[in-house]
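# Summary of the model geometry
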Amino acid sequence: MKSLNLLIVFLSEPAVIGAVATWGFTLGTGWALRLLAGIGGPALMIALWWLFGAPHAPHKVHGAVRVVFETGWFGAGAVALALAGYAVPALVLALVMAASKGLAVAWHQ
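Residues numbered from 1 in each chain as written. Predicted model: local features only at pLDDT ≥ 70, side-chain atom pairs only at ≥ 80, totals over all residues. Heavy atoms only, no water.

## Quick notes on helix α3 (residues 63-83)
In an α-helix, one full turn covers 3.6 residues, which means residues spaced three or four apart are oriented alike. Between its terminal C-alpha atoms α3 stretches 30 Å, which fits the 30 Å expected from 21 residues at 1.5 Å a residue. Burial in α3 covers these residues: Arg66, Phe69, Glu70, Trp73, Phe74, Gly77, Ala78, Ala80 and Leu81. On its buried face, α3 sits against α1 (2-25), α2 (31-53) and α4 (87-106). (Helix = DSSP H or I, 4+ residues; strand = E, 2+ residues; numbered from the N terminus. Expected span 1.5 Å × (residues − 1). Buried < 20%, exposed > 50% of the residue type's maximum accessible area, 1.4 Å probe, protein only. Contact = heavy atoms within 4.5 Å.)

Following this line, the structure appears as structure tokens:
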């Protein structure tokens, strides 16, 4: 069960990046802003994860700061999906991540 939870956490990371890309490419504005948001948004999310969230991050955060960081980072994916018009997948992502992260904390993963 713990291995399955680690797999869910791992797969949720690219899901968040994909959600942010979806939001960016579905903005109702001009093509230049959609392109910037569709590429720049995921690039920003990748950079933030690399800096603060990855297992070997140069500035890895711990404790309460990590909880705040991950809530914001994974929450951004759910919000991005909702803003792109995918409310049900956004809710599913948020609920799965909340349950998975809760189990990860309980199991010291």
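There is more to say after this.
## Here's the deal with the nonpolar core
If you look at the biggest cluster of nonpolar residues, it comprises 17 residues, and the most contacted ones within it are Val16, Trp49, Trp73, Phe74 and Leu93. Breaking this core down by element, the ones donating at least two residues are α1, α2, α3 and α4. For this core, the element with the most residues is α3, which contributes six residues. Those residues within four positions of Val16 in sequence are excluded, and the remaining contacts are Met45, Trp73, Phe74, Gly77 and Leu93. (Core = buried A, V, L, I, M, F, W, Y, C linked by side-chain atoms within 4.5 Å.)

## Structural notes on the pattern of salt bridges
Tallied over the full model, the rule gives two salt bridges. Measuring nitrogen to oxygen at the nearest pair gives 2.7 Å for the salt bridge that ties Arg66 to Glu70. With Arg66 and Glu70 both in helix α3 and four residues apart, the pair spans about one turn of that helix. There is no split in this pair, since Arg66 and Glu70 are both buried. A salt bridge links Glu70 to Lys101, with the shortest nitrogen-to-oxygen separation between them at 2.8 Å. Residue Glu70 is found in helix α3, and its partner Lys101 is found in helix α4; the two are separated by 31 residues along the sequence. The pair Glu70 / Lys101 is uniform in exposure class, with both members buried. One connected set of salt bridges, linked through shared partners, spans Arg66, Glu70 and Lys101. (Salt bridge = Lys/Arg side-chain N within 4 Å of Asp/Glu carboxyl O.)

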